[in-house]
Amino acid sequence: MSLVISKRSLMAGSLMLLANLLFSAMALAEQKETLGKWDVHYIAFNSTFITPDIAKHYSIVRSKYNGIINISVLNKADQKAQSAVLTGTARNLLGVSKSLMFKEVSEGDAIYYIAVLPFSDQETFRITVNINDGTDQQVLKFQHKFYAE
């Protein structure tokens, strides 16, 4: 009996592994906010942390000057992933503002949102994300410093 693994399932598995690693890191760093009826988990990291195959699959340009913001919105009561519309801005310490364009990624029961943010080495951003599911709207705010690696 031979085992055949499609490229798509390999990438989905790789992305889920990445998501699990990111959420494990988030659990250690407690990058979570409770906003209304949601637990919102978030992390920002350099795009070079993802593999070229995953980057290509999700149309992400890997660069030491591109950051990724990954957000997951969970129902506070049962911890089920929630679908929502996320919009946001990232403002550096000089006041320069960049719009964040979030893409929803849905794999099985997991739903998360990814935005790419170009940065300069050691640039700090104050990030504001509006989360709207059609019945509730909340705002997530956090700060992150990116390093070119």
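Residues numbered from 1 in each chain as written. Predicted model: local features only at pLDDT ≥ 70, side-chain atom pairs only at ≥ 80, totals over all residues. Heavy atoms only, no water.

Student: Would you take a moment to explain the pairing of strand S4 (residues 85–92) for this structure?
Tutor: Note on strand geometry: in a regular strand, side chains alternate between the two faces of the sheet. Alternating residues of S4 divide into Leu-86, Gly-88, Ala-90 and Asn-92, all buried, and Val-85, Thr-87, Thr-89 and Arg-91, none buried. With eight bridges joining them, S4 and strand S8 (residues 123–132) adopt antiparallel strand pairing. Within S8, the position partnered with Asn-92 by the bridge is Phe-125. Pairing analysis gives five bridges linking S4 to strand S5 (residues 97–101), with the strands arranged antiparallel. Among the inter-strand pairings, Arg-91 is bridged to a residue of S5, identified as Ser-97. Hairpin connection of S4 to S5: four residues between the antiparallel strands, including Gly-95 at a positive phi of 95°. (Buried < 20%, exposed > 50% of the residue type's maximum accessible area, 1.4 Å probe, protein only. Helix = DSSP H or I, 4+ residues; strand = E, 2+ residues; numbered from the N terminus. Pairing = 2+ DSSP bridges.)

Student: Looking at this structure, I do not really get the confidence of the model for the protein chain. What am I missing?
Tutor: Do not read the predicted coordinates in detail wherever pLDDT is low. Across the protein chain, pLDDT averages 87, with 80% of residues at or above 70. Below a pLDDT of 50 lies the segment residues 1–7, which in the model reaches one contact outside its immediate sequence neighbourhood of four places, other chains included. A low-confidence stretch, residues 24–28 stays under pLDDT 50, and its non-local contacts, those more than four residues away or across chains, total five contacts. (pLDDT = per-residue confidence, 0-100. Contact = heavy atoms within 4.5 Å.)

Student: For this particular structure, what's the right way to read the environment of Ala-90?
Tutor: One can find Ala-90 in strand S4. The exposure class assigned to Ala-90 is buried, which follows from its relative accessible area of 0%. In sequence terms Ala-90 and Thr-128 are 38 residues apart; their C-alpha atoms lie 6.4 Å from each other. Contacts of Ala-90, omitting those with residues within four sequence positions, involve Val-96, Ser-97, Lys-98, Leu-100, Leu-117, Phe-125, Arg-126 and Ile-127.

Student: Please explain the environment of Leu-117 as it appears in this structure.
Tutor: Along the chain, Leu-117 falls in strand S7 (residues 110–118). Linking Leu-117 and Leu-100, residues 17 residues apart in sequence, is a C-alpha distance of 7.0 Å. Filtering out sequence-adjacent residues up to four positions away, Leu-117 remains in contact with Tyr-65, Asn-66, Gly-67, Ile-69, Ala-90, Lys-98, Leu-100, Phe-125 and Phe-146.

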